[in-house]
Amino acid sequence: MGCVEIRGISKLFGNVPAVDQIDLATNEGEFLVLLGPSGCGKTTLLRMIAGIEIPTAGEIAIDGRVVTDLPPRMRNIAMVFQSYALYPHMTVYKNIAFPLRARGVDEGTVRKKVEWAAGMFKIGRLLDRKPRELSGGERQRVALARAMVREPSVFLLDEPLSNLDALLRTSAREELRQFQRRVGVTTIYVTHDQVEAMGLGDRIAVMSQGKVRQVGSPMDIYMYPADTFVATFVGSPPMNLLEQEDVLLGFRPETFMPSDAVEGSEGVITYPFEVTYLEYLGAERLVYGNVGEKSHGRHVVARLPGSLTLPLEAGKTYPFAIARRDLRRFDRKSGLALPGETA
Amino acid sequence: MTSPARPGSSPGASRGGIFDRQETLAKLLIAPAVLYIVAMIGAPFVLAILYSLSDATTGEPSIHLVGLRNFGAALADPVFRLALRNTFLFTLLSQSIVIVLSRILANALLKPFRGKWLVRFLIMLPWTAPISLGTIGWLWMYDSIFSPIDWVLRYLGMLGTATALLGPQTNLYWLGVPGLAIASVIIVNVWRILPLATVIQLGGLSSIPKDLIEAAEVDGASPWRRTLMITIPLTLPIVSIAFLFGIVFTFTDLIVVYVLTRGGPVHMTQELSSWTFFKGIEAGDLAQGAAISLFMFPVLALVAIFILRMARRTEVV
């Protein structure tokens, strides 16, 4: 159980398409991340799967059953909201029990299941508290427990980590992933944070302007972006795009290295790199500068590991090199990836 | 020319103008409110207590204390007991109806629809009109001969024919029959408080985060369950405030009864405020009037305490 199929889904707000003809399907037990900038339609898509938003066109099926016209409560899904949406007037216990009681589960079973869910998220000692007496991290756990307690066939998460501070976010990410592996519930996770997407997803669907640009494993998305949007949205700093005749040449900052540091010279292209600015970030150094002679479309970033202590200075030009296998080519007009490596 | 002002070097620079002296400024700013409360609420209240313990009349307003005699006399008076019962009846019944109706209106006004501004405007209208004018309008609605309500009932065949549901007479005589007169007063009170209550309810409903309702939907709650478990508990504090305000307004209102029925027929719609007025001002027995009006005090004090507690609770949630 636990497959979501989306066929030709669109959602118009007025005349503006928020979601534009999307086809997408999850595998069973998969952790699928919808990644995109704000306003790309990822949350709208998630809300349509939940049944909170009604699609303008298209069809949604969960476990092979078309649910497009069913209200949320008949879809056997659970959702965690960005704000957590805990019921402020109820204790943690009542919050977690709410989905069960709404289904008319008897009180004995409710108690057992609430305790099971609370134990799983280590919030057993908080059951008598009200949400306002909890920290951000505790609220997030309560929201997860409330979602999981009914054992849904699909688990929907809308940026559940964005309200946590940076330190907590990293540990919450790890816990979330381990928990999902353990329960094996198909999960759809919306985020604009590519680090979360890369770290959590079995697969990532990168969205922009209501469309899915690419679906693939984190490695696919990173190594072989389908177009220049994916190339520049994923990765920090983003993929360098160098104008070269009628194509854009793309390469990741970490593949652009001083030629001395590149072993051998076969399959390597060397450019004179005029350094304009340096950032020392501890584990790595970011080197900004220009490549080649043309006036625009030649600004690139190199990302050097901290272990590479080669002295570099702004205002000077150094030979930098890229391995050919690390080069990607994109059509200049459409931005779509072109097959094969550059000559 | 000017040297930098050092503390203590020049008194003007270090102490500043009156607006820089927070202590003085605070007292100055709060003074009008204190004066107002003392002059308009404190003094009349003390005066009412003094009068209630005296034998003052409008002809002889000097105060000779006579003890609690006036309270005993009021309690022994059957009209007073009727007025006391009516005050509670009118207030509780009208405000209960207001809570239900205002909730329905507020729910309707939450949804976007064409001409919403017009509906809002019409709903607010009774609140902006002076009570006396509005009530005079109702006086015409309840007129013994020309009542538009009766006219509509006759038109619908519910009144004025031998087989009519409400009887063969041509008019219902709204203000002349005890039961109908009581209903009339309650209806006008509902009409009067409904706008305020609707606006408060609207505020309460729209302050519930949309996420919560959606979460409840996803959690499997039916519309009934969402209303009972989420919306009502979350709006309870603010609805209570609307309810308590309505109670204060209705409990102390004199105009509706004074304009509509003058307490009639035969004191059947008399309430504490109207009875205070008729007894104390029109009949000139200041002492009795003061004693009757003071019976409102414990109820209003209790309501005030509740309002303040509720207000604090809404702050927390």
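Residues numbered from 1 in each chain as written. Chains lettered and ligands numbered in written order. Predicted model: local features only at pLDDT ≥ 70, side-chain atom pairs only at ≥ 80, totals over all residues.

A.B. asks: How would you summarise the sheet that holds strand 2 (residues 16-25) of chain A if you had to cite specific residues and measurements?
C.D. replies: Residue and element names in this part refer to chain A. Pairing within the open sheet is antiparallel, and its 4 strands lie in the order 2-1-4-5. This sheet does not close on itself; its edge strands, each paired only once, are strand 2 and strand 5 (65-66). Across 6 bridges, the pairing between strand 1 (residues 4-13) and strand 2 is antiparallel. Within strand 2, the residue paired with Phe13 across the bridge is Val16. Those strands touched by helix 1 (residues 42-50) are strand 1, strand 2 and strand 4 (57-62), and its axis lies near 120 degrees from that of strand 1. (Pairing = 2+ DSSP bridges. Helix = DSSP H or I, 4+ residues; strand = E, 2+ residues; numbered from the N terminus. Contact = placed C-beta atoms within 7 Å. Axes fitted to C-alpha atoms, helices over the stretch in contact; angles between N-to-C directions.)

A.B. asks: Provide a residue-level description of the nonpolar core, including the pertinent values.
C.D. replies: It is characteristic of soluble globular proteins that their nonpolar side chains tend to be buried jointly. Residue and element names in this part refer to chain A. Membership of the largest hydrophobic core comes to 97 residues, with the highest contact counts inside it found for Ala145 and Leu156. Among the elements that take part in this core, helix 4 (residues 136-148) stands out by supplying 6 residues, more than any other. Residues lining this core come from more than one domain, with at least three contributed by each of domain 1 (4-228) and domain 2 (249-338). In this view, Ala145 contacts Ile96, Ala117, Ala118, Met120, Phe121 and Ile123; residues no more than four positions away in its chain are not counted. (Core = buried A, V, L, I, M, F, W, Y, C linked by C-beta atoms within 7 Å. Buried ≥ 20, exposed ≤ 12 C-beta atoms within 10 Å, placed from the backbone. Domains from an automatic or database assignment.)

A.B. asks: Tell me about the domain arrangement of chain A, residues and numbers included.
C.D. replies: All names here are of chain A. Per the domain assignment, the segments of chain A are domain 1 (4-228) and domain 2 (249-338). Using C-alpha coordinates to define each centre, domain 1 is positioned 38 Å away from domain 2. With 4 residues of domain 1 at the contact, the number on the domain 2 side is 5 residues. Across the side of domain 1 that touches domain 2, the residue classes break down as 2 nonpolar, 1 polar and 1 charged. (Nonpolar A, V, L, I, M, F, W, Y, C, P; charged D, E, K, R; others polar.)

A.B. asks: Describe helix 1 of chain A, listing the residues and the values that go with them.
C.D. replies: Residues and elements named next belong to chain A. Taking burial as the measure, the 9 residues of helix 1 include 9 buried ones, the bulk of the element. Taken residue by residue, helix 1 has Lys42, Thr43, Thr44, Leu45, Leu46, Arg47, Met48, Ile49 and Ala50 as its buried positions. Following helix 1 by one or two positions, Gly51 adopts a phi angle in the positive range, close to 95 degrees.

A.B. asks: Pulling in residues and values, what's your account of the sheet that holds strand 12 (residues 247-251) of chain A?
C.D. replies: Residues and elements named next belong to chain A. Spatially, 11-12-18-19 is the arrangement adopted by the 4 strands of the open sheet, whose pairing is antiparallel. Each edge of the sheet is formed by a strand with only one pairing partner; in this case those strands are strand 11 (240-244) and strand 19 (337-338). Alignment of strand 18 (residues 328-331) against strand 19, held across 2 bridges, turns out to be antiparallel. Looking across to strand 19, one finds that Phe330 is bridged to Ala337.

A.B. asks: Give me the lowdown on the environment of Phe295 of chain B, citing residues and values where you can.
C.D. replies: All names here are of chain B. Within the element layout of this structure, Phe295 appears in the loop between helix 13 (286-294) and helix 14 (296-316). The exposure class assigned to Phe295 is partly exposed, which follows from the 19 C-beta atoms found within 10 Å. Sequence-wise, Phe295 and Pro126 are 169 residues apart; in three dimensions their C-alpha atoms are separated by 29 Å. Excluding anything up to four places from it in sequence, Phe295 contacts Leu84 and Leu272.

A.B. asks: Help me get a handle on the interface of chain A and chain B, residues and values and all.
C.D. replies: For interface size, the figure often reported is the accessible area lost on association. Across the boundary between the two partners, chain A contributes 17 residues, which contact 15 residues of chain B. Every element with two or more residues in the side of chain A that touches chain B is listed here: strand 6 (77-80) and helix 2 (92-102) of chain A. Grouping the constituent residues of the side of chain A that touches chain B by class yields 13 nonpolar, 2 polar and 2 charged.

A.B. asks: An account of the pairing of strand 1 of chain A is needed here, citing residue identities and associated values.
C.D. replies: All names here are of chain A. Summarising the sheet, strand 1 and strand 4 pair through 5 bridges and their orientation is antiparallel. Of the residues in strand 4, the one forming a bridge with Val4 is Ile62. Hairpin connection of strand 1 to strand 2: 2 residues between the antiparallel strands, including Gly14 at a positive phi of 70 degrees.

A.B. asks: Outline the packing of helix 2 (residues 22-52) of chain B against helix 13 of chain B, listing residues and values.
C.D. replies: All names here are of chain B. Relative to each other, helix 2 and helix 13 sit at 120 degrees, their axes nearing to 7 Å. As the angle between them shows, helix 2 and helix 13 are arranged oblique. Judged by the twist between their axes, the crossing of helix 2 over helix 13 is left-handed. For the pair helix 2 and helix 13, contact is made by Ala48, Ile49, Tyr51 and Ser52 and by Leu286, Ala287, Ala290, Ala291, Ser293 and Leu294, respectively. The residue inventory of the contact of helix 2 with helix 13, partitioned by class, reads 8 nonpolar, 2 polar and no charged. (Parallel < 35°, antiparallel > 145°, perpendicular 65-115°, else oblique. Left-handed = near helix turned anticlockwise from the far one by under 90°.)

A.B. asks: Can you explain the environment of Phe273 of chain A? Please cite residues and give values.
C.D. replies: All names here are of chain A. Along the chain, Phe273 falls in strand 14 (residues 268-280). Residues Phe273 and Ala302, spaced 29 residues apart in sequence, show a C-alpha to C-alpha distance of 9.7 Å. When neighbours within four sequence positions are excluded, Phe273 is seen to be in contact with Gly289, Val291, Thr317, Tyr318 and Phe320.

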